[in-house]
Amino acid sequence: MLYDTVWKGARLATMAGEGMGAVDHGVIAAKDGMIAYAGPAAEAPALHAKRIVDCKGRWITPGLIDCHTHLIHGGDRAAEFEMRLGGASYEEIARAGGGIVSTMRATRAASEDELVAAALPRLDALIAEGATTVEVKSGYGLDRDSEIRMLRAARRLGEERAVSIATTFLGAHALPPEFADDADGYIALLCDEVLPEVAALGLADAVDAFCESIGFTPAQTERMFAAAARHVLPVKLHAEQLSNLHGAALAARHGALSADHLEHLDEAGIAAMAASGTVATLLPGAYYFVRETKLPPVAGLRSAGVPIALATDCNPGTSPLTSLLLTMNMGATLFRLTVPECLAGVTRNAARALGLADRGTLEAGKRCDLAIWDVERPAQLVYRMGFNPLHARIWSGQ
C-alpha cells in the first residue's frame, strides 16, 4: 500500500487500553485521513508513502479534544470579575445587570458574523495547543432566534478552521427574563418549538441542560431529555455543581453521554454512571475561577471505573479558560488526577463524552488527528504552566 504520510522516529502515547499505551520506537501511517497503522516500528508493514516525516524522538498523542465549551457568546464579564474582587456578591452583580442575563443581552444583540468573529480567537487558542475536536454549546440566547443563531455560528467555526466542531443545544441553561415566573412554560417552549426546529435544521449533535437549584429541576430536565429522545439526539447534563439534585443519576437513566461538573455527586450517582457508561466530565477551570471548595469525588469515580474527561468549560462568567494544557495541570493539582488520567481526559474519554468512537486514540481505523510534542516525557504536558510545547498538529491527516 502507498500511504499518504508516515511519521517515523516517534514515541507514541496511543491512549489505547489502560494507561497511556506508550510505544518507545513508534510509527504512524495515514491513508485518506485515517490511521492505517500505529504502533512499534518493528511490527509495521512496509512503509511506502508519498511523504515521510522524521519526528526525531518527539512524542505523539491523539489530537486533544475539548468536550465542554461555551465558545459562542457576545461580550465578556471582566467588569463583573473586577466587582467580585472588590467584594460584590453574586446578588449585587445581578441587580446591577450582570450575570448570565448580561451575556444573554450581548448575545441576542450580536449578529451571526459577530458571534463567529468573537469566538475565533478563543478557538484559535485551543487549536494552537493541539485541539482537533471542540464541543460548542448554545445557551446564551435563551430564545428561538438567538439559540439557532448561536448554533449556526458554532457550525461555521468548523468551516472557518481545520477543526471538528460538535454542537450541543443548551436552551435549558438559564431562565430568560420573559419567563421569570414560568420555568415550566419556558421548558415547554424549548421542547415543543425550539428543539424541533433545531433538530430539523441539523444544528445540534446533542442536548444539554443545567439541572441545579438556580437552573432547572430534575422534572424539567427529564422533559428536555424526553424531547431529545423524540428527535434521536443524545443527552448530556450540567449536574451536581452547586448542590446534589441527583441529576447525574437522572442523566445515567437516560443513557447520557456525560454528566459534567459533579462536585456534589454522591455514591448513588457514581453507581448509576458506572452502570450506564456515562462519562464524568470534570471542569477544574470553573472550580478554580469561582473558588469552589468541595472537590468532585475522584476516588469514588476511579474505584467505580467511571471514565473521567477534562474540559475547559470556556465561558465568560465562570471559566474564561482557553487552554487544555492548563486544564490538565489543574486536573492534576486541584483534583489529584494522575498524568495518564489527565491525558485520557482530553483524548479517549473526551471523545467518549461526545459519542465520537472514531477518535481519541492512536489506532488503525481511527481519524488521523495527532498532536506532536517537543517533550521528553508526557508528564511535561501536565506539569508545565503557561508553556506550549506543541511541535505540529495534524487534523484528518493534514
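Residues numbered from 1 in each chain as written. Predicted model: local features only at pLDDT ≥ 70, side-chain atom pairs only at ≥ 80, totals over all residues. Heavy atoms only, no water.

Student: If you had to explain the pattern of salt bridges to someone new, which residues and values would you point to?
Tutor: A side chain with one charge can pair with a side chain of the opposite charge if their charged atoms come near. A full pass over the atoms with the stated rule returns 20 salt bridges. Residue Glu-178 pairs with Arg-108 through a salt bridge whose shortest N-O separation is 2.5 Å. Note that Glu-178 is positioned in the loop between strand E8 (164-172) and helix H6 (183-200) and Arg-108 in helix H3 (residues 100-109), a separation of 70 residues in sequence. As a salt-bridge pair, Glu-160 and Arg-156 come within 3.9 Å of each other at their nearest N and O atoms. With a gap of 4 residues between them, Glu-160 and Arg-156 both fall in helix H5 (residues 144-160), about one helical turn apart. On the accessibility criterion, Glu-160 (38% relative accessible area) is partly exposed. Here the salt bridges do not stand alone but share partners, grouping Glu-112, Asp-113, Arg-156 and Glu-160 into one network. (Salt bridge = Lys/Arg side-chain N within 4 Å of Asp/Glu carboxyl O. Helix = DSSP H or I, 4+ residues; strand = E, 2+ residues; numbered from the N terminus. Buried < 20%, exposed > 50% of the residue type's maximum accessible area, 1.4 Å probe, protein only.)

Student: Can you tell me about the side chain of His-238, naming the residues and giving the values?
Tutor: Mapped onto the elements, His-238 comes out in strand E10 (residues 236-239). Owing to a relative accessible area of 3%, His-238 belongs among the buried residues under this scheme. Among the polar contacts made by the side chain of His-238, one reaches the side chain of Asp-208 at a distance of 3.1 Å. Beyond its immediate sequence surroundings of up to four residues, His-238 is in contact with His-68, His-70, Lys-137, Leu-170, Asp-208, Ala-209, Phe-210, Cys-211, Asp-260 and His-261. (Polar contact = N/O pair within 3.5 Å; in protein donor to acceptor, adjacent residues only side chain to side chain. Contact = heavy atoms within 4.5 Å.)

Student: Give me the lowdown on the domain arrangement of the chain, citing residues and values where you can.
Tutor: With domains assigned, the chain is organised as domain 1 (2-62 + 361-394) and domain 2 (64-354). Inter-centroid distance (C-alpha atoms) of domain 1 to domain 2 is 30 Å. Across the boundary between the two partners, domain 1 contributes 27 residues, which contact 23 residues of domain 2. Carbon and sulfur atoms supply 63% of the area that domain 1 and domain 2 bury against each other, a total of about 1,800 Å² over both sides. For the domain 1 face of the interface with domain 2, the top three residues by lost area are Met-15, Val-382 and Arg-393, together amounting to 36%. The element contributing the most residues to the side of domain 1 that touches domain 2 is helix H15 (residues 379-383), with 4 residues. (Domains from an automatic or database assignment. Buried area = accessible area lost by both parts, 1.4 Å probe.)

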